[in-house]
Amino acid sequence: MPDGGDAIAIRVIDRVGEVPAGEWDACAGPDNPFLRHGFLSALEDSGSVGAEAGWLPQHLTIKDSSGRLVAAAPLYLKSHSYGEYVFDWGWAEAYERAGGRYYPKLQCAVPFTPVTGPRLLIRPDGATPELSAALLAGMVQLAERHGASSLHITFPEQAQWRHMIEAGMLARIGLQYFWTNRGYESFEDFLGRLTSRKRKAIKKERRKVAESGIVLKALTGEEIEGRHWEAFYRFYLSTADRKWGHPYLNREFFHLLGERMGQAVVLMVAEWDGKLVAGALNLRGATALYGRNWGATARAKFLHFEACYYQAIDYAIAHGLERVEAGAQGEHKIQRGYLPEETYSAHWIADPGLRDAVEHFLERERRAITQEIDLLAEESPYKQESGES
């Protein structure tokens, strides 16, 4: 493993719990809740992440000469491509048809979480360019040690992504839909910035939910009781069943999340006749609200939009947050104020032939994604400068 200047050689750990929470969080920073020790350890301690799940932790850590943790990276050895939201199934299929072995691969990411954030976690008071280089070189060496076909760093921040590309990794972009707080004082203020047609449509959707008798609340911290987590787990499973999906997260994870990250959790719950019938799980960062999972055991028109999108906007405005990131996919978010923005990933591939093929594919894909974002932006519901009503 490389040496990061004055730092001790990189160490691989197979549990984030091997590092004290305070030391890890000093590197992860306060902005993104998914990178905190509490979130990652809840995934591991619940068994949602581990060898049996096909996400074997192989986190990289660097300590300085005093033994203080100064850098880290959340890293996993993968035996499949589930739960990543940056799809490489086609690469795997093509490589295996040609006689190669795509798995295992190495993944630098937060499992099951398509949220942009730092991937090279470096303590601010010890940051040096050498630490970033050491983490990247350490990932490649670890991939080679495991005989992995590739290394994938998904949803990094743009600045880190550019550094990865400069280091020789392949560049990929995607898109998600974000709501931006333009200094709104209320939800009505936000609606006032929309075109008349879109404004009326949102009011109609919110009115239909209210008329159904469903009441929504935003719960956080100690307000979230065990019964809420039990109900939300049922909602989560019902969504997985309806979408023929795999429930990556288990019951214990949600309870551990509440215990370890309760103040960062914003759980939107819907009650009907005193019964919990739906919920949307969000985590709050320093400047953003991140929507993650949704589920319901009752069918009510527009309830999904209310719980996941409008309640999140309400909360962000009330708490002065800059944006809402409502998860992957969904052009339907545009008419509700969530506009397309680029996301990023970086890829190292061992086999030169596969690397060349993927590089050519990514060149075409980047052009297509850029064009798609431009076209989608034309569907913006916001008033133009021309003064459209």
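Preceding this section is the structure that the text describes.
Residues numbered from 1 in each chain as written. Predicted model: local features only at pLDDT ≥ 70, side-chain atom pairs only at ≥ 80, totals over all residues. Heavy atoms only, no water.

Take the overall build of the protein next. Secondary structure assignment for the protein yields eleven helices and 15 strands. In terms of overall size, the protein behaves like a compact globule, its C-alpha atoms giving a radius of gyration of 22 Å where 389 residues would be expected to give roughly 21 Å. Of all 389 residues assigned to the protein, the portion counted as buried reaches 54%. Within the protein, contacts between residues separated by at least 24 positions form 75% of all contacts whose residues are at least 6 apart in sequence. When the accessible surface of the protein is summed, it comes to about 17,200 Å², and 49% of that surface belongs to carbon and sulfur atoms. If the 45 positive side-chain charges of the protein are averaged to one point and the 52 negative ones to another, these points end up 7 Å apart. (Helix = DSSP H or I, 4+ residues; strand = E, 2+ residues; numbered from the N terminus. Rg over C-alpha atoms; globule rule 2.2 N^0.38 Å. Buried < 20%, exposed > 50% of the residue type's maximum accessible area, 1.4 Å probe, protein only. Contact = heavy atoms within 4.5 Å. Areas by Shrake-Rupley, 256 points an atom, 1.4 Å probe, with all protein chains shown as cover. Lys, Arg positive; Asp, Glu negative; His and termini not counted. Charge placed at Lys NZ, Arg CZ, Asp CG, Glu CD.)

This next bit is on the nonpolar core. Counting residues in each nonpolar core, the largest one holds 72 residues, and the members touching the most others are Met139, Trp179, Phe190 and Tyr338. Here this core gets eleven residues from one element, more than from any other, and that element is helix 10 (residues 303-318). Ranked by size, the runner-up nonpolar core spans 44 residues in total, among them Ala28, Val115, Phe254 and Leu257. (Core = buried A, V, L, I, M, F, W, Y, C linked by side-chain atoms within 4.5 Å.)

This paragraph deals with the pattern of salt bridges. Summed over all chains, the structure comprises 19 salt bridges. Ionic pairing is found between Arg11 and Glu18, a salt bridge with its closest N-O pair at 2.9 Å. Among the ionic pairs, Arg260 bridges to Asp45, the shortest N-O distance being 2.8 Å. Placement of Arg260 in helix 9 (residues 251-261) and of Asp45 in helix 2 (residues 37-45) is noted, with a sequence separation of 215 residues between them. Taking the relative accessible area as the measure of exposure, Arg260 reaches 36% and is therefore partly exposed. The network of salt bridges with shared partners includes Asp64, Arg68, Arg123 and Asp125. (Salt bridge = Lys/Arg side-chain N within 4 Å of Asp/Glu carboxyl O.)

Here Glu84 shows up in the loop between strand 5 (75-78) and helix 3 (89-97). Note on Glu84: relative accessible area 5%, which makes it buried.

Attention now moves to the sheet that holds strand 13 (residues 288-296). A sheet is described by the order of its strands in space; here eleven strands give the open sequence 2-5-6-8-15-9-14-13-12-11-10, paired in mixed fashion. Two strands in the sheet have a free side with no partner beyond their single neighbour: strand 2 (55-57) and strand 10 (215-219). Between one strand axis and the next, the sheet turns by 30° as a mean value, whatever way the strands run. Both strand 6 (residues 105-108) and strand 8 (residues 150-154) contribute to a ladder of three bridges, which runs parallel. Considered in strand 8, the bridge of Leu106 is made with Leu151. (Pairing = 2+ DSSP bridges. Axes fitted to C-alpha atoms, helices over the stretch in contact; angles between N-to-C directions.)

You can see Thr370 is positioned in helix 11 (residues 352-377). In this structure, the C-alpha to C-alpha distance between Thr370 and Ile10, residues 360 residues apart in sequence, is 37 Å. Other than its neighbours up to four places away in sequence, Thr370 contacts Ile173 and Glu342.

Turning next to the pairing of strand 8. Across the five residues that make up strand 8, a large majority, five, are buried. The side-chain alternation of strand 8 yields two buried faces, one formed by Ser150, His152 and Thr154 and the other by Leu151 and Ile153. Of the strand pairs in this sheet, strand 8 and strand 15 (residues 339-349) are connected by five bridges, and their pairing is antiparallel. Each bridged residue has a counterpart across the sheet, and for Thr154 the counterpart in strand 15 is Ser345.

This brings us to a nonpolar patch on the surface. A cluster of nonpolar side chains, contributed by Tyr82, Phe87 and Trp89, occupies part of the molecular surface with about 330 Å² of accessible area. Secondary-structure assignment places Phe87 in the loop between strand 5 and helix 3. (Patch = residues over 30% accessible without salt bridge, like charges linked within 9 Å, V, L, I, M, F, W, Y side chains within 5 Å.)

With that settled, the discussion passes to the sheet that holds strand 3 (residues 59-63). Taken in spatial order, the four strands make up an open sheet running 1-3-4-7, and their pairing is antiparallel. The two strands at the open ends of the sheet, each matched to only one other strand, are strand 1 (11-13) and strand 7 (121-122). For strand 4 (residues 69-73) and strand 7, the ladder comprises two bridges, and the chain directions are antiparallel. By the bridge assignment, Ala72 is partnered in strand 7 with Leu121. Against the sheet, helix 1 (residues 21-28) makes contact with strand 3, strand 4 and strand 7, and its axis sits at roughly 75° relative to strand 4, the strand it touches most. Helix 4 (residues 129-146) contacts strand 1, strand 3, strand 4 and strand 7 of the sheet and is inclined by roughly 140° relative to strand 3.

Here the focus is the environment of Thr128. Note that Thr128 resides in the loop between strand 7 and helix 4. A C-alpha to C-alpha distance of 29 Å links Thr128 and Arg284, two positions 156 residues apart in sequence.

Attention now moves to helix 7 (residues 196-211). With 16 residues, helix 7 should reach 22 Å at 1.5 Å per residue; the first-to-last C-alpha distance of 22 Å fits that figure. Buried residues in helix 7 make contact with helix 6 (187-192), strand 10 and helix 10. Note on helix 7: the residue one or two positions beyond its end, Gly213, has a positive phi of about 90°. (Expected span 1.5 Å × (residues − 1).)

Here we come to the environment of Trp272. Following the sequence through the fold, Trp272 ends up in strand 11 (residues 265-272). For Trp272, a relative accessible area of 42% corresponds to the partly exposed category. Residues Trp272 and Ala328, 56 residues apart in the sequence, show an inter-C-alpha distance of 28 Å. Sequence-distant contacts of Trp272, that is, excluding residues within four places in its chain, are made with Ser212, Gly213, Ile214 and Val277.

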